[in-house]
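Below are the chains, spelled out letter by letter.
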Amino acid sequence: MSLKQKPLQTAPSNGATQSTLPVGSGNYRAVFGVCVFLLVAIWVVFGQTLRHEFVNYDDGVYIADNPAVLGGLSLKGIVWAFTHNVNVNWTPLTVISHMLDCQFYGLHAGGHHLTNLLLHAATAILLFLVCDR
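How each quantity is defined
- Residues numbered from 1 in each chain as written.
- Predicted model: local features only at pLDDT ≥ 70, side-chain atom pairs only at ≥ 80, totals over all residues.
- Heavy atoms only, no water.
- Helix = DSSP H or I, 4+ residues; strand = E, 2+ residues; numbered from the N terminus.
- Buried < 20%, exposed > 50% of the residue type's maximum accessible area, 1.4 Å probe, protein only.
- Contact = heavy atoms within 4.5 Å.
- Areas by Shrake-Rupley, 256 points an atom, 1.4 Å probe, with all protein chains shown as cover.
- Core = buried A, V, L, I, M, F, W, Y, C linked by side-chain atoms within 4.5 Å.
- Phe/Tyr/Trp six-rings, centres within 6.5 Å; stacked < 30°, edge-to-face > 60°.
- Patch = residues over 30% accessible without salt bridge, like charges linked within 9 Å, V, L, I, M, F, W, Y side chains within 5 Å.
- Salt bridge = Lys/Arg side-chain N within 4 Å of Asp/Glu carboxyl O.
- Expected span 1.5 Å × (residues − 1).
- 1 Å grid on protein atoms, 1.4 Å probe; cavity = no way out; pocket = protein on both sides within 12 Å on 5 of 7 lines; lining within 4 Å.
- Points joined across faces, edges and corners; volume = space filled by probe spheres on them.
- Nonpolar A, V, L, I, M, F, W, Y, C, P; charged D, E, K, R; others polar.

Caption draft 1: Up close: the overall build of the protein chain. The number of helices and strands found in the protein chain is six helices and two strands. Scanning the protein chain from its N terminus toward the C terminus, one meets helices and strands in the order β-β-α-α-α-α-α-α. Every one of the 133 residues in the protein chain was classed for burial, and the buried ones make up 23%. In the protein chain, of all internal contacts separated by at least 6 residues, the share reaching a separation of at least 24 is 52%. Summed over all atoms, the accessible surface of the protein chain reaches about 9400 Å², with 66% contributed by carbon and sulfur.

Caption draft 2: Region of interest: the nonpolar core. Among the nonpolar cores identified, the biggest contains nine residues, and these are Tyr 62, Ile 63, Val 69, Ala 81, Val 86, Val 95, Ile 96, Met 99 and Cys 102. Put simply, the parts of the chain that give this core at least two residues each are helix H2 (59–64) and helix H5 (92–105). A total of four residues in this core trace back to one element, the largest contributor, which is H5. The residues contacting Val 95, other than those within four sequence positions of it, are Val 69, Trp 80, Ala 81 and Val 86.

Caption draft 3: View of the packing of aromatic side chains. Here the structure, examined in full by the defined rule, presents two aromatic pairs. Where Phe 82 meets Trp 90, the ring centres are 6.3 Å apart and the plane angle is 65°; that geometry is what we call edge-to-face. Measuring from centroid to centroid gives 6.3 Å for Phe 104 and Tyr 105, while their planes differ by 55°, and the two rings are tilted. By relative accessible area, which is 27% here, Tyr 105 ends up partly exposed.

Caption draft 4: Focus on a nonpolar patch on the surface. On the surface, Phe 32, Val 36, Val 40, Trp 43, Val 44 and Val 45 cluster together into a nonpolar patch covering about 600 Å² of accessible area. With respect to the helices, strands and loops of the structure, Val 40 is situated in helix H1 (residues 28–46).

Caption draft 5: Just helix H6 (residues 109–132), in detail. In a regular helix each residue adds 1.5 Å, so 24 residues correspond to 34 Å; H6 covers 35 Å between its end C-alpha atoms and thus fits that length. Buried within H6 we find Ala 109, Gly 110, Gly 111, His 112, His 113, Thr 115, Leu 117, Ala 121 and Ile 125.

Caption draft 6: Local environment of the layout of surface pockets. Estimates place the volume of the largest pocket at around 280 Å³. In this structure, the largest pocket is lined by 17 residues; those nearest its centre are Asp 59, His 98, His 112, His 113 and Asn 116. Elements represented by at least two residues in the lining of the largest pocket include exactly H2, H5 and H6. Per-element tally for the lining of the largest pocket: the top contributor is H6, with five residues. The residue makeup of the lining of the largest pocket, split by class, is five nonpolar, eight polar and four charged.

Caption draft 7: Geometry of the environment of Leu 118. Along the polypeptide, Leu 118 turns up in helix H6. Residue Leu 118 is classed as partly exposed on the basis of its relative accessible area of 49%. Taking the C-alpha atoms as reference, Leu 118 lies 9.0 Å from Ile 42; in sequence the two are 76 residues apart.

Now the structure itself:
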């Protein structure tokens, strides 16, 4: 039995044969509709942040006041991300993501928020698709 199939009893267990169906709902229109719904819902909730500035909670430590991040994405920056803590946290993927954001958007907060919105949307849709399987 492959990973894409699960057994389905077609008759009582009196020696009848089994058939297989693909894992997941199989209704591609419904799956697509849920994905679009998730994308729209996330846009409605988080889309307004594209007009927001950085907050004074930890954006300074992670982005605005961090020379390693402000320099954008580089091999030296990636090594720094894996060998240093920011705000007492070892979060190299977060730091590298901020470096990439600074590479593309500089200190324009809306760009950083756009990346966050896209990551939220991608993970919500991916979680749904995994759960649908």
